[in-house]
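Chain by chain, the residues:
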Amino acid sequence: MEEPAAGKYARVERERRFLLAAPPTLPYTEARRITDRYLTGTRMRLRRVERPGAELEFKLTQKIPADRPGAVQGLITTAYLSPAEYQVFAGLPAAVLAKTRYSMPPLGVDVFEAPLRGLVLAEAEFDSDAAARAFAVPSFAVAEVTGDPLFTGGRLATATRADLLEWLAGYGVAPA
(Lines give C-alpha, C1' and ligand atoms only; values in the text may rest on other atoms or scores of the structure.)
Protein backbone atom coordinates (compact mmCIF):
# COMPACT_ATOMS: atom_id res chain seq x y z
CA MET A 1 0.00 0.00 0.00
CA GLU A 2 1.14 3.52 -0.70
CA GLU A 3 2.17 5.44 2.43
CA PRO A 4 0.07 8.56 3.05
CA ALA A 5 1.87 11.70 4.15
CA ALA A 6 1.62 12.90 7.74
CA GLY A 7 -1.00 15.57 8.06
CA LYS A 8 -2.75 17.69 10.59
CA TYR A 9 -5.05 14.83 11.63
CA ALA A 10 -2.47 12.10 12.18
CA ARG A 11 -0.20 12.11 15.21
CA VAL A 12 2.98 10.22 15.93
CA GLU A 13 2.37 7.20 18.14
CA ARG A 14 5.20 6.40 20.53
CA GLU A 15 4.89 3.36 22.73
CA ARG A 16 6.95 0.58 24.21
CA ARG A 17 5.48 -2.88 24.85
CA PHE A 18 6.53 -5.45 27.44
CA LEU A 19 5.72 -9.13 27.83
CA LEU A 20 4.65 -10.15 31.33
CA ALA A 21 4.39 -13.68 32.76
CA ALA A 22 1.26 -12.66 34.70
CA PRO A 23 -0.61 -9.47 35.55
CA PRO A 24 1.30 -7.42 38.12
CA THR A 25 -0.17 -7.10 41.59
CA LEU A 26 -0.07 -3.30 41.40
CA PRO A 27 -3.28 -1.42 42.13
CA TYR A 28 -5.09 -0.19 39.03
CA THR A 29 -7.04 3.01 38.53
CA GLU A 30 -9.43 1.74 35.84
CA ALA A 31 -10.35 -1.46 34.03
CA ARG A 32 -12.03 -1.57 30.66
CA ARG A 33 -12.91 -4.37 28.25
CA ILE A 34 -11.71 -3.70 24.74
CA THR A 35 -12.83 -5.52 21.60
CA ASP A 36 -10.77 -4.69 18.53
CA ARG A 37 -11.78 -5.57 14.99
CA TYR A 38 -8.87 -5.34 12.53
CA LEU A 39 -10.67 -4.73 9.25
CA THR A 40 -9.53 -7.19 6.61
CA GLY A 41 -7.33 -5.73 3.86
CA THR A 42 -6.87 -2.37 5.61
CA ARG A 43 -4.78 -0.63 8.27
CA MET A 44 -7.99 0.19 10.13
CA ARG A 45 -8.98 -0.93 13.61
CA LEU A 46 -12.53 -0.69 14.92
CA ARG A 47 -12.61 -0.52 18.72
CA ARG A 48 -15.40 -1.00 21.25
CA VAL A 49 -14.58 0.04 24.83
CA GLU A 50 -16.73 -0.99 27.79
CA ARG A 51 -16.19 0.78 31.13
CA PRO A 52 -18.25 -0.11 34.20
CA GLY A 53 -20.96 2.50 34.72
CA ALA A 54 -20.11 4.40 31.52
CA GLU A 55 -21.49 4.57 28.00
CA LEU A 56 -19.87 2.39 25.38
CA GLU A 57 -17.13 4.10 23.37
CA PHE A 58 -16.55 3.40 19.68
CA LYS A 59 -13.48 4.38 17.64
CA LEU A 60 -12.15 3.86 14.15
CA THR A 61 -8.38 4.10 14.02
CA GLN A 62 -5.88 4.03 11.19
CA LYS A 63 -2.35 3.01 12.08
CA ILE A 64 0.46 3.53 9.60
CA PRO A 65 3.55 1.67 10.81
CA ALA A 66 6.91 3.43 11.08
CA ASP A 67 9.68 2.28 8.79
CA ARG A 68 12.24 2.28 11.60
CA PRO A 69 12.64 0.26 14.79
CA GLY A 70 12.07 1.73 18.24
CA ALA A 71 9.34 3.39 20.23
CA VAL A 72 7.90 5.36 17.31
CA GLN A 73 5.21 2.99 16.11
CA GLY A 74 4.09 5.23 13.26
CA LEU A 75 1.19 7.56 12.61
CA ILE A 76 -2.21 7.15 14.19
CA THR A 77 -5.51 8.83 13.37
CA THR A 78 -8.67 8.17 15.38
CA ALA A 79 -12.31 9.06 14.78
CA TYR A 80 -14.98 8.60 17.45
CA LEU A 81 -18.15 6.91 16.19
CA SER A 82 -21.80 6.79 17.16
CA PRO A 83 -23.29 3.36 17.90
CA ALA A 84 -24.98 3.35 14.48
CA GLU A 85 -21.73 4.21 12.70
CA TYR A 86 -19.93 1.47 14.65
CA GLN A 87 -22.54 -1.07 13.49
CA VAL A 88 -21.90 -0.17 9.84
CA PHE A 89 -18.17 -0.85 10.18
CA ALA A 90 -18.73 -3.91 12.41
CA GLY A 91 -20.40 -5.60 9.44
CA LEU A 92 -17.10 -5.65 7.53
CA PRO A 93 -14.85 -8.73 7.58
CA ALA A 94 -12.32 -8.49 10.41
CA ALA A 95 -10.00 -10.37 12.74
CA VAL A 96 -11.17 -9.90 16.33
CA LEU A 97 -9.12 -9.48 19.50
CA ALA A 98 -10.57 -9.08 23.02
CA LYS A 99 -8.80 -8.04 26.21
CA THR A 100 -9.21 -6.25 29.49
CA ARG A 101 -6.95 -3.24 29.95
CA TYR A 102 -5.94 -2.24 33.46
CA SER A 103 -4.60 1.29 33.90
CA MET A 104 -1.56 1.18 36.16
CA PRO A 105 0.09 4.52 35.36
CA PRO A 106 2.31 4.90 33.50
CA LEU A 107 1.40 1.49 32.10
CA GLY A 108 -1.66 -0.03 30.52
CA VAL A 109 -1.70 -3.78 31.17
CA ASP A 110 -3.64 -5.92 28.72
CA VAL A 111 -4.93 -9.35 29.78
CA PHE A 112 -6.13 -11.18 26.69
CA GLU A 113 -9.14 -13.45 26.24
CA ALA A 114 -9.31 -16.76 24.35
CA PRO A 115 -7.66 -17.88 22.17
CA LEU A 116 -4.85 -15.72 23.61
CA ARG A 117 -5.69 -16.47 27.25
CA GLY A 118 -2.47 -16.31 29.25
CA LEU A 119 -0.97 -13.46 27.23
CA VAL A 120 -0.28 -10.35 29.29
CA LEU A 121 1.30 -7.27 27.73
CA ALA A 122 2.07 -3.89 29.25
CA GLU A 123 2.55 -0.74 27.24
CA ALA A 124 3.59 2.81 27.95
CA GLU A 125 2.94 5.76 25.64
CA PHE A 126 5.18 8.80 25.30
CA ASP A 127 5.05 12.37 24.06
CA SER A 128 8.67 12.44 22.89
CA ASP A 129 11.45 10.15 21.67
CA ALA A 130 13.56 11.21 24.65
CA ALA A 131 10.86 10.19 27.13
CA ALA A 132 10.49 6.81 25.39
CA ARG A 133 14.24 6.19 25.51
CA ALA A 134 14.44 7.20 29.18
CA PHE A 135 11.68 4.85 30.33
CA ALA A 136 13.03 1.96 32.41
CA VAL A 137 11.83 -1.55 31.65
CA PRO A 138 9.44 -2.56 34.46
CA SER A 139 11.04 -4.97 36.92
CA PHE A 140 8.17 -7.46 36.46
CA ALA A 141 8.57 -7.61 32.65
CA VAL A 142 9.89 -10.79 31.08
CA ALA A 143 11.07 -8.95 27.96
CA GLU A 144 10.54 -5.86 25.89
CA VAL A 145 8.63 -6.78 22.72
CA THR A 146 8.32 -3.32 21.17
CA GLY A 147 10.23 -4.43 18.09
CA ASP A 148 8.69 -7.90 17.82
CA PRO A 149 6.00 -7.83 15.10
CA LEU A 150 4.36 -10.93 16.60
CA PHE A 151 3.12 -8.83 19.53
CA THR A 152 1.30 -6.14 17.55
CA GLY A 153 -2.47 -6.00 17.75
CA GLY A 154 -2.97 -6.73 14.07
CA ARG A 155 -0.82 -9.85 14.24
CA LEU A 156 -2.26 -11.04 17.55
CA ALA A 157 -5.78 -10.77 16.13
CA THR A 158 -4.98 -13.54 13.64
CA ALA A 159 -2.92 -15.71 16.00
CA THR A 160 -4.02 -19.17 17.01
CA ARG A 161 -3.55 -20.71 20.44
CA ALA A 162 -0.69 -22.80 19.02
CA ASP A 163 0.97 -19.64 17.64
CA LEU A 164 0.75 -17.95 21.03
CA LEU A 165 2.19 -20.90 22.92
CA GLU A 166 5.12 -21.07 20.49
CA TRP A 167 5.82 -17.32 20.73
CA LEU A 168 5.61 -17.31 24.53
CA ALA A 169 7.90 -20.34 24.75
CA GLY A 170 10.47 -18.35 22.77
CA TYR A 171 10.55 -15.93 25.69
CA GLY A 172 10.47 -18.67 28.33
CA VAL A 173 6.85 -18.00 29.32
CA ALA A 174 4.37 -20.82 29.94
CA PRO A 175 0.85 -19.41 30.40
CA ALA A 176 -1.27 -20.78 33.22
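Basis of the calculations
Residues numbered from 1 in each chain as written. Predicted model: local features only at pLDDT ≥ 70, side-chain atom pairs only at ≥ 80, totals over all residues. Heavy atoms only, no water. Salt bridge = Lys/Arg side-chain N within 4 Å of Asp/Glu carboxyl O. Helix = DSSP H or I, 4+ residues; strand = E, 2+ residues; numbered from the N terminus. Buried < 20%, exposed > 50% of the residue type's maximum accessible area, 1.4 Å probe, protein only. Phe/Tyr/Trp six-rings, centres within 6.5 Å; stacked < 30°, edge-to-face > 60°.

### Topic: the pattern of salt bridges
Then comes step 1: Inspection of the entire model under this criterion finds 18 salt bridges.
Then comes step 2: Its salt-bridge partner being R14, residue D129 comes within 2.7 Å of it at the nearest N-O pair. Note that D129 is positioned in helix 2 (residues 129-134) and R14 in strand 1 (residues 11-20), a separation of 115 residues in sequence.
Then comes step 3: A relative accessible area of 28% places D129 in the partly exposed class.
Then comes step 4: Classification of R14 as buried rests on a relative accessible area of 17%.

### Structural notes on the packing of aromatic side chains
Then comes step 1: The full count for this structure, using the stated rule, is 6 aromatic pairs.
Then comes step 2: Ring centres of F151 and W167 lie 6.2 Å apart, and the angle between their planes is 65 degrees; on these two criteria the pair is classed as edge-to-face. On the criterion of sequence distance, the pair formed by F151 in the loop between strand 9 (141-144) and helix 3 (153-156) and W167 in helix 4 (residues 161-170) is long-range, its members being 16 residues apart.
Then comes step 3: When its relative accessible area of 1% is taken as the criterion, F151 is described as buried.
Then comes step 4: Judged by its relative accessible area of 10%, W167 falls in the buried class.
Then comes step 5: Among the aromatic residues, those joined into a cluster by ring pairs are F18, F126 and F135.

As far as function goes, none of this settles anything; it's purely spatial.
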